[in-house]
Amino acid sequence: MSATAEPLDLARLRAEAVERGPQFWRSLEELADTAAFREYLHNEFPRLAARFDIAPDRRGVLKLMAASLAMAGLTACKKADHIAPYVDKPADVTPGRALHYATALSIGGYGFGAIVESHEGRPTKVEGNPDHPASLGASDAIMQAACLGLYDPERSRTPTKDEQAMSWDAFLGEVAALRDEIGNREGAGFALMIGPITSPSEAWLIDRLRAAYPRMLLCVHDPLAADGERTALQQVFGRATATLPRLGQADVIVSLDADFLGEGPGRLAHARAFSSRRIVRDGATTMARLYAIESTPTITGASADHRWAVRGSAVPAIAAALAARLGLGADVNAPVPSAALDAIAADLRKAAGTGLVVAGPHQSADVHLQVHAMNASLGSFGLAVDYIPPPDYRPPGAVSLGALVEQMRRGAVTALLVLDANPAYTAPGDVSFAEALVKVPRTMHVGRYVDATAKASRWHVPLAHDLERWGDIRAFDGTASIIQPLVQPLYGGHAASEVLSALLGEYSASPLDTLRTYWREIGGLDDAAWRAAIQRGVISGTTSAPVVSNAAPVLSSKVNPAGTGIEVRVVPDPWLRAGEYANNAWLQELPRPLSKIVWGNAALVAPATAGRLQLASGDVVRVARDNNAIELPVSIEPGHPEEVITIALGFGQSAIGQVGNGVGANAFPLRAGEALWFLDGLSVSKAEARAAVVTTQHHHSMEGRDIVRNGTLAEYVANPTFAKDREPAPSGTLYPPWPSREEAWAMVIDQTACIGCMACVSACQAENNIPTVGVDEVANGHEMHWLRVDRYYTGSVDNPGVVFQPVPCMHCEEAPCEEVCPVNATVHTHDGLNAQIYNRCVGTRYCSQNCPYKVRRFNFLDYQPFAEGTGSPLAALMNPDVSVRSRGVMEKCTYCVQRIERGRIEAELADQPIADGAVTPACAQACPTQAIIFGNRNDPGSRVRRLHEHPLDYALLAELNTRPRTTYLARVSNPNPALAKLEEPVHG
């Protein structure tokens, strides 16, 4: 839905929230119960009549029925394509059986371990590698979308010079000419720019290159890097150092603007460790406590027991005030109640070595110094926190982007090679990279897309995808992995190591040869260790050892005052990052965890700020710094800091592909100097125009029902069945019984563990060939995701609590959808699945009308035309175990029935029953916190059986007596009793 244009009465909304008490609400529009929201909600298919231009009379209804029949029937007859036998079958390939390979994916230059599924040489699905410390078997949306990025038909396909197609050999000739030019002057005049890397072999090649050309310039351009932590720890340890929090060992955690669950190279591991100390489903009666002080709403803040929203520039004062309460330095005024800081400090002291303070990477060196001193005073070193050498490659002598641009402007750079970076798009507004590039005679760009930097360069060379190249990479803790290809380069891409080797004069060096040479001669891997690394996806013995220092903690004495006026907070988009994934439709259409915005960014503001500026959602604001300005629509977000505007990076590109071009606004030009994350002094004005903020948060409503259930740890200990007691299910029924004599598949979703990261939704899409529909169709309420994660607010409009609830098909034992289907397309299977037979479905949509959970998706249009033999490379992406649906049919979650059948076949071959855990749906496999548990309820020893009998277990809308196989564990939080009566203001 696009945002409503109605202005909101903030005072009335605050009163309404107080009157509701603990009742949950999804959006400000729902809380206000606006006419536009009501109209949208009660229209099952918004603007459908406008699409077909049909009047709502008897004749019009008949036309719509005929149209639904045509959608299903006219596409049923397919033209037979040419069929060829699989004559020359590779020895290790069995048609119909998937192979799995261990590899690693690079996200922000860091490695995430992956197990990739391949069908007859086609990579189709990514899962996390259980042996890899950065994934632990889990994955995120970016990993799940990797296969779509591999097959993207808009990836760069050929080397070009001045936009004319060239060959790889021609590019090697250009490199040879460059070597001749700079060889006699030790590399003077040559500059190499690289994106963020942790690859040991690529770092080795660059070090060799710098030794051969000592006067060359090296620039590591990471637009999402922040140097506050590195600067602070360099001062403490006397060497480059990185913080490694051990969240699984922490009893009390204080986050100072650190979104450790949603950001950073260790986010999946941190989510697993954090949730391990929070869940109470296995009989635990204690749990860790999290305090969050943050400058924009995050999923870490949503998981906190206490949260304060403040200006980013106010965090240094808060850190100093908290440190003072731990006996470090003098107290200062801070925009968090003094009583709250007293309670937090007391909690930390009580936890001692298991207390942990974490600072966000975007915060200043002074904040990181305060945090380090606090952890030292708590005795947390070696318990709740370690320090290690940074895994990323930032050699001494590397120049900044600004320094490189200055050299380019002066004409001191005669040749520039940009490797896997896009500075023409990501450079700050005061660094005119594109203008300086014009003054460089020889420019070369190596990347996956013909992006802004490629268009501004003379030469462009396609860069190979992670799934089609050899390489290596380090994880957040230093662990190294081998990247092995699953397919030959589809579009003629080349690995970064090939380009670096060519600069060294090794024109015929293959990426595998370079990699093998490094790990044999430098890494010490013999053939057996190499094979083990390839098989496991992890190189043993490469995890970084903790840095030990006896130096006394350094305490910063400088606390800059917080800014005044409106502060602009820029953040990386959780899916697009710095824009490198902007052409991935899966990521564009995946709702952001809290705002639920898709296909673009917006100016996120607090309700109070919107009221002061007289802004409504959808109003366009102009944000400007000097000559750089952007316009984007407003989205009013509960829990956002006042007098702060948050804008996501990664949008607003004009040269990356048809999917990503023109989507949203580019906020990179607003950055300048050292103000890269918290921007002040910008002008903000309301424009005359309006623009839609397309979200999915209005597509469903609770209608006052008791859907989300939560309580505190104290309440759970006092009454473990508090969730069940609120709504006992009726016992009578008119439905016929469905006995499950063998398996009875069921699912339990733990709302305490769920952090709303959306990994389950993206995994479901990748596994089940679910299409994207585009921004207009999402605005019409036609998104196709089979699984959604509802976000609910409770309490104050200014600082509400947040609960996430994943909602797949409930697989009801007494399913209302099955009784109304006129063609028996919705059926019950012998093992309790509520199945959908696509060939029978004629699109009446009666089942959707009768489903109280609204988990069915109707394929209104032909969203995947490439499936009909158009020759698009995207056809190779499809999972062959799942049908590719054409328009006119109803789709829904199937508990990944194809995986169930695979598990059944393997069990029958072994003449054994299906073991507990042998079948894992895609959503459960991807979940970093293991919040989704699946299994056979008929097995008395299964986890899902035990959890169905857990005191916290409850059924969604149990009063309807649908008896769903999917149930929930109520959310349990652990607030500090000392803060029970303390108002937690959002003011910063």
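Residues numbered from 1 in each chain as written. Predicted model: local features only at pLDDT ≥ 70, side-chain atom pairs only at ≥ 80, totals over all residues. Heavy atoms only, no water.

Participant: For this particular structure, what's the right way to read the overall build of the protein?
Facilitator: A count of helices and strands for the protein gives 33 helices and 38 strands. Here the protein, with 988 residues, has 60% of them falling under the buried criterion. Pairs at least 24 residues apart make up 74% of the contacts formed inside the protein by residues separated by at least 6 positions. Accessible area of the protein: about 37200 Å², with a carbon and sulfur share of 52%. (Helix = DSSP H or I, 4+ residues; strand = E, 2+ residues; numbered from the N terminus. Buried < 20%, exposed > 50% of the residue type's maximum accessible area, 1.4 Å probe, protein only. Contact = heavy atoms within 4.5 Å. Areas by Shrake-Rupley, 256 points an atom, 1.4 Å probe, with all protein chains shown as cover.)

Participant: Please explain helix α21 (residues 511–521) as it appears in this structure.
Facilitator: Since the α-helix advances by 3.6 residues per turn, residues separated by three or four positions end up pointing in the same direction. All of the buried residues in α21 are Pro 511, Thr 514, Leu 515, Arg 516, Tyr 518 and Trp 519. Along its buried surface, α21 packs onto α9 (200–212), β18 (471–474), β19 (480–483), α20 (496–503) and α22 (527–536).

Participant: Explanation requested: the pairing of strand β30 (residues 801–807) in the structure shown.
Facilitator: It is a general feature of regular strands that their side chains alternate between the two faces of the sheet. Across the 7 residues that make up β30, a large majority, 6, are buried. In this antiparallel pair of consecutive strands, strand β29 (residues 788–794) and β30, the connection spans 6 residues, and Gly 795 shows a positive phi of 90°. (Pairing = 2+ DSSP bridges.)

Participant: It is not clear to me how the pattern of salt bridges should be interpreted in this structure. Could you clarify?
Facilitator: Side chains carrying opposite charge are able to pair once their charged atoms draw close together. Enumeration according to the criterion identifies 44 salt bridges in this entry. Its salt-bridge partner being Arg 458, residue Asp 162 comes within 2.7 Å of it at the nearest N-O pair. Of this pair, Asp 162 sits in the loop between β5 (160–161) and β6 (164–165) while Arg 458 sits in the loop between α19 (452–456) and β17 (459–462), and the two are 296 residues apart along the sequence. Using a relative accessible area of 40% as the deciding quantity, one classes Asp 162 as partly exposed. The closest approach of N and O atoms between Arg 965 and Glu 813, which form a salt bridge, is 2.9 Å. Linking Arg 965 in the loop between β36 (953–954) and β37 (966–969) with Glu 813 in the loop between β30 and α29 (816–820), this pair joins segments that are 152 residues apart in sequence. Connected through salt bridges with shared partners, the residues Lys 125, Glu 127, Glu 767 and Arg 899 form a single ionic network. (Salt bridge = Lys/Arg side-chain N within 4 Å of Asp/Glu carboxyl O.)

Participant: How should I be thinking about the packing of helix α13 (residues 315–325) against helix α14 (residues 338–351) in this particular structure?
Facilitator: Two quantities define a packed helix pair, namely the angle between the helix axes and the distance between the axes. For the pair α13 and α14, the least separation of the axes is 9 Å and the interaxial angle reads 55°. In terms of orientation, α13 lies oblique with respect to α14. Handedness of the crossing formed by α13 with α14: right-handed. Contact residues: Ile 318, Ala 321, Leu 322 and Arg 325 in α13; Ser 338, Leu 341, Asp 342, Ile 344, Ala 345, Leu 348 and Arg 349 in α14. Considered class by class, the residues forming the contact of α13 with α14 number 7 nonpolar, 1 polar and 3 charged. (Axes fitted to C-alpha atoms, helices over the stretch in contact; angles between N-to-C directions. Parallel < 35°, antiparallel > 145°, perpendicular 65-115°, else oblique. Left-handed = near helix turned anticlockwise from the far one by under 90°. Nonpolar A, V, L, I, M, F, W, Y, C, P; charged D, E, K, R; others polar.)

Participant: Hey, could you run me through the confidence of the model for the protein in this one?
Facilitator: For residues with low pLDDT, the predicted coordinates do not support detailed interpretation. When the pLDDT values of the protein are averaged, the result is 89; 88% of them are 70 or greater. Note on residues 44–56: pLDDT under 50 across the span, and 26 contacts to partners over four residues away in sequence or across chains. Low pLDDT, under 50, characterises residues 58–86; the predicted model gives this stretch 27 contacts beyond four residues in sequence or across chains. (pLDDT = per-residue confidence, 0-100.)

Participant: Before we go on, may I ask you to explain the side chain of Gln 898 in this structure?
Facilitator: Relative to the elements of secondary structure, Gln 898 occurs in helix α31 (residues 897–909). Residue Gln 898 is classed as buried on the basis of its relative accessible area, which comes to 10%. Within the structure, Gln 898 has its side chain in polar contact with the side chain of Glu 767 (distance 2.7 Å). (Polar contact = N/O pair within 3.5 Å; in protein donor to acceptor, adjacent residues only side chain to side chain.)

Participant: How should the sheet that holds strand β12 (residues 306–309) be read in this particular structure?
Facilitator: The strands that make up a sheet are held in pairs by hydrogen bonds between backbone atoms, and each pair lies either parallel or antiparallel. Here 4 strands make up an open sheet; going across it, the order is β12-β11-β10-β13 and the pairing parallel. Of all strands in the sheet, those bounded by a partner on one side alone are β12 and β13 (355–359). For this sheet, the mean angle separating the axes of adjacent strands, direction not counted, is 10°. Note that strand β11 (residues 289–294) and β12 share 4 bridges and pair parallel. When the sheet's bridge partners are listed, Glu 294 is paired in β12 with Ala 309. Its contacts with the sheet place α14 against β10 (252–256), β11, β12 and β13, and it is angled at close to 135° to β10.

Participant: Help me out: how do you make sense of the sheet that holds strand β15 (residues 415–419) in this one?
Facilitator: With respect to topology, 7 strands assemble into an open sheet ordered β6-β5-β17-β16-β15-β7-β8, the strand pairing being mixed. The sheet terminates laterally at β6 and β8 (217–220), the two strands that pair on one side only. Bridge count for β5 against β17 is 2 bridges, and the pairing is antiparallel. Bridging from a neighbouring strand, Lys 161 pairs with Trp 459 of β17. Contacts between helix α16 (residues 401–409) and the sheet are confined to β7 (190–194), β8 and β15, with β8 contributing the most and set at about 140° to the helix.

Participant: Sorry if this is basic, but what is going on with the pairing of strand β28 (residues 745–750) here?
Facilitator: Counting buried positions along β28 yields 6 of 6 residues, so the element is predominantly enclosed. Judged by which residues are buried, β28 turns out to be covered on both faces: Trp 745, Met 747 and Ile 749 on one side and Ala 746, Val 748 and Asp 750 on the other are all buried. Bridge analysis of β28 against β37 gives 4 bridges, and the strand direction is parallel. Counterpart to Met 747 in the pairing with β37 is Thr 966.

Participant: Hey, could you run me through unusual backbone geometry in this one?
Facilitator: Only a minority of non-glycine residues have a phi that is not negative, and only a minority of peptide bonds are not trans. In the Ramachandran plot, Asp 420 falls in the positive-phi region, its phi being about 60° despite a non-glycine side chain. In this fold, Asp 420 is placed in the loop between β15 and α17 (423–426). Positive phi outside glycine occurs at Asn 961, with the angle close to 60°. The residue Asn 961 is located in the loop between β36 and β37 in this model. Classification of Asn 961 as buried rests on a relative accessible area of 10%.

Participant: So what exactly am I meant to see when it comes to the environment of Asp 451 here?
Facilitator: Considering the arrangement of structural elements, one finds Asp 451 in the loop between β16 (442–447) and α19. Along the primary structure Asp 451 and Ala 421 are separated by 30 residues, whereas in three dimensions their C-alpha atoms are 9.6 Å apart. What Asp 451 contacts, discounting residues up to four positions off in sequence, is Ala 421, Asn 422, His 445 and Ala 655. A polar contact is formed between the side chain of Asp 451 and the backbone nitrogen of Thr 453, at a distance of 3.2 Å. For Asp 451, the side chain forms a polar contact with the main-chain nitrogen of Ala 454, separated by 2.9 Å.

Participant: What is the right way to read the state of the cysteines from this model?
Facilitator: By definition, a disulfide links two cysteine residues through a covalent bond between their sulfur atoms. Overall, the coordinates contain 0 disulfides when judged by the stated rule. Free of any disulfide, Cys 812 has its nearest cysteine sulfur in Cys 809, 6.4 Å distant. Accessibility expressed as a relative area gives 7% for Cys 812, which makes it buried. (Disulfide = S-S within 2.5 Å.)

Participant: So what exactly am I meant to see when it comes to the environment of Val 775 here?
Facilitator: Within the secondary structure layout, Val 775 lies in helix α28 (residues 775–779). Under the relative-accessibility criterion, Val 775 is labelled partly exposed at 32%. Residues Val 775 and Val 598 lie 177 residues apart in sequence; the distance between their C-alpha atoms is 7.4 Å. Setting aside residues no more than four positions away along its own chain, Val 775 makes contact with Trp 599 and Val 694.

Participant: Which parts of the structure should I look at to understand the environment of Asp 392?
Facilitator: Secondary-structure assignment places Asp 392 in the loop between β14 (385–388) and α16. In this structure Asp 392 comes out as buried when scored by relative accessible area, which is 16%. Taking C-alpha positions, Asp 392 is 5.8 Å from Ile 197, a pair spaced 195 residues apart along the chain. Setting aside its immediate chain neighbours within four residues, Asp 392 contacts Tyr 110, Ile 197, Thr 198 and Arg 230. A polar atom in the side chain of Asp 392 sits 2.7 Å from the side chain of Arg 230.

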